[in-house]
Amino acid sequence: MMAKTNPLEFIQQVRSETSKVTWPTRRETVITTVMVFLMVAFATVFFFLADLGLKAGVAFVLGIGS
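Residues numbered from 1 in each chain as written. Predicted model: local features only at pLDDT ≥ 70, side-chain atom pairs only at ≥ 80, totals over all residues. Heavy atoms only, no water.

Novice: Explanation requested: the overall build of the chain in the structure shown.
Specialist: A tally of helices and strands in the chain yields 2 helices and 0 strands. Seen along its three principal axes, the alpha-carbon backbone of the chain occupies a region of about 75 × 40 × 10 Å. Per-residue burial for the chain yields a buried fraction of 0% across its 66 residues. As displayed, the chain offers around 6,700 Å² of accessible surface, 72% of which is attributable to carbon and sulfur atoms. Charge-centre separation for the chain: the mean point of 6 positive side chains lies 5 Å from the mean point of 4 negative side chains. (Helix = DSSP H or I, 4+ residues; strand = E, 2+ residues; numbered from the N terminus. Buried < 20%, exposed > 50% of the residue type's maximum accessible area, 1.4 Å probe, protein only. Areas by Shrake-Rupley, 256 points an atom, 1.4 Å probe, with all protein chains shown as cover. Lys, Arg positive; Asp, Glu negative; His and termini not counted. Charge placed at Lys NZ, Arg CZ, Asp CG, Glu CD.)

Novice: Whenever I open this one, a nonpolar patch on the surface confuses me. Can you help?
Specialist: Where nonpolar side chains cluster on the molecular surface, the patch consists of Val30, Ile31, Val34, Met35 and Leu38 and spans about 430 Å² of accessible area. Note that Ile31 resides in helix α2 (residues 26-62). Its relative accessible area of 41% is what places Ile31 among the partly exposed residues. (Patch = residues over 30% accessible without salt bridge, like charges linked within 9 Å, V, L, I, M, F, W, Y side chains within 5 Å. Salt bridge = Lys/Arg side-chain N within 4 Å of Asp/Glu carboxyl O.)

Novice: How should I be thinking about the pattern of salt bridges in this particular structure?
Specialist: Charged atoms that come close allow side chains of opposite charge to pair. Per the counting criterion, the structure on display carries 1 salt bridge. The salt bridge involving Glu17 is made with Lys20; its shortest N-O contact spans 3.1 Å. Residue Glu17 is classed as partly exposed on the basis of its relative accessible area of 46%. Note on Lys20: relative accessible area 56%, which makes it exposed.

Novice: Would you explain the environment of Thr5 in this entry?
Specialist: Relative to the assigned elements, Thr5 resides in the segment before α1 (7-19). Contacts of Thr5, omitting those with residues within four sequence positions, involve Phe10 and Gln13. (Contact = heavy atoms within 4.5 Å.)

Novice: Quick question: what am I supposed to make of the packing of aromatic side chains here?
Specialist: What characterises a pair of aromatic rings is the spacing of the ring centres plus the angle enclosed by the ring planes. Under the counting rule described, the total for this entry stands at 1 aromatic pair. Between Phe46 and Phe47 the ring centres are 5.1 Å apart and the planes differ by 75°, which places this aromatic pair in the edge-to-face class. Judged by relative accessible area, Phe47 falls into the exposed class, the value being 56%. (Phe/Tyr/Trp six-rings, centres within 6.5 Å; stacked < 30°, edge-to-face > 60°.)

Novice: Is there a simple way to explain α2 in this structure?
Specialist: Residues spaced three or four apart along an α-helix face the same direction, because each turn holds 3.6 residues. Helix length check: α2, at 37 residues, gives a terminal C-alpha distance of 54 Å against a target of 54 Å (1.5 Å per residue), a fit within 8%. Once α2 finishes, Gly63 follows within two positions and takes phi at roughly 80°, a positive value. (Expected span 1.5 Å × (residues − 1).)

In short, geometric facts, not functional conclusions.
Okay, structure coming up:
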(Lines give C-alpha, C1' and ligand atoms only; values in the text may rest on other atoms or scores of the structure.)
Protein backbone atom coordinates (compact mmCIF):
# COMPACT_ATOMS: atom_id res chain seq x y z
CA MET A 1 0.00 0.00 0.00
CA MET A 2 1.30 3.42 -0.89
CA ALA A 3 1.76 6.11 1.71
CA LYS A 4 -0.69 8.97 1.43
CA THR A 5 0.70 12.48 1.04
CA ASN A 6 -1.08 15.72 1.61
CA PRO A 7 -1.67 18.06 -1.35
CA LEU A 8 1.09 20.50 -0.32
CA GLU A 9 3.67 17.73 -0.08
CA PHE A 10 2.52 16.36 -3.44
CA ILE A 11 2.96 19.76 -5.12
CA GLN A 12 6.45 20.05 -3.62
CA GLN A 13 7.35 16.61 -4.98
CA VAL A 14 6.03 17.52 -8.42
CA ARG A 15 8.05 20.76 -8.46
CA SER A 16 11.15 18.85 -7.38
CA GLU A 17 10.75 16.26 -10.16
CA THR A 18 9.93 18.93 -12.76
CA SER A 19 13.17 20.77 -11.94
CA LYS A 20 15.09 17.59 -12.88
CA VAL A 21 13.69 17.60 -16.43
CA THR A 22 16.03 18.71 -19.21
CA TRP A 23 13.81 20.87 -21.39
CA PRO A 24 14.68 21.21 -25.10
CA THR A 25 15.75 24.55 -26.49
CA ARG A 26 13.62 26.39 -29.02
CA ARG A 27 16.09 25.40 -31.75
CA GLU A 28 15.89 21.70 -30.83
CA THR A 29 12.10 21.87 -30.83
CA VAL A 30 12.00 23.52 -34.27
CA ILE A 31 14.48 21.04 -35.76
CA THR A 32 12.58 18.07 -34.34
CA THR A 33 9.26 19.44 -35.61
CA VAL A 34 10.67 19.96 -39.12
CA MET A 35 12.11 16.43 -39.11
CA VAL A 36 8.72 15.00 -38.11
CA PHE A 37 7.00 16.84 -40.95
CA LEU A 38 9.64 15.66 -43.45
CA MET A 39 9.27 12.06 -42.33
CA VAL A 40 5.47 12.31 -42.57
CA ALA A 41 5.79 13.70 -46.12
CA PHE A 42 8.22 10.91 -47.06
CA ALA A 43 5.93 8.24 -45.61
CA THR A 44 2.93 9.75 -47.41
CA VAL A 45 4.68 9.64 -50.80
CA PHE A 46 6.05 6.14 -50.15
CA PHE A 47 2.67 4.66 -49.20
CA PHE A 48 0.90 6.48 -52.03
CA LEU A 49 3.33 4.95 -54.56
CA ALA A 50 3.12 1.54 -52.88
CA ASP A 51 -0.67 1.71 -53.06
CA LEU A 52 -0.56 2.60 -56.75
CA GLY A 53 1.81 -0.31 -57.42
CA LEU A 54 -0.34 -2.78 -55.51
CA LYS A 55 -3.45 -1.51 -57.26
CA ALA A 56 -1.82 -2.01 -60.66
CA GLY A 57 -0.56 -5.46 -59.65
CA VAL A 58 -3.98 -6.61 -58.44
CA ALA A 59 -5.66 -5.21 -61.55
CA PHE A 60 -3.14 -7.05 -63.75
CA VAL A 61 -3.58 -10.36 -61.89
CA LEU A 62 -7.37 -10.12 -62.04
CA GLY A 63 -7.21 -9.34 -65.77
CA ILE A 64 -9.04 -6.05 -65.60
CA GLY A 65 -5.92 -3.97 -66.27
CA SER A 66 -5.14 -2.59 -69.68
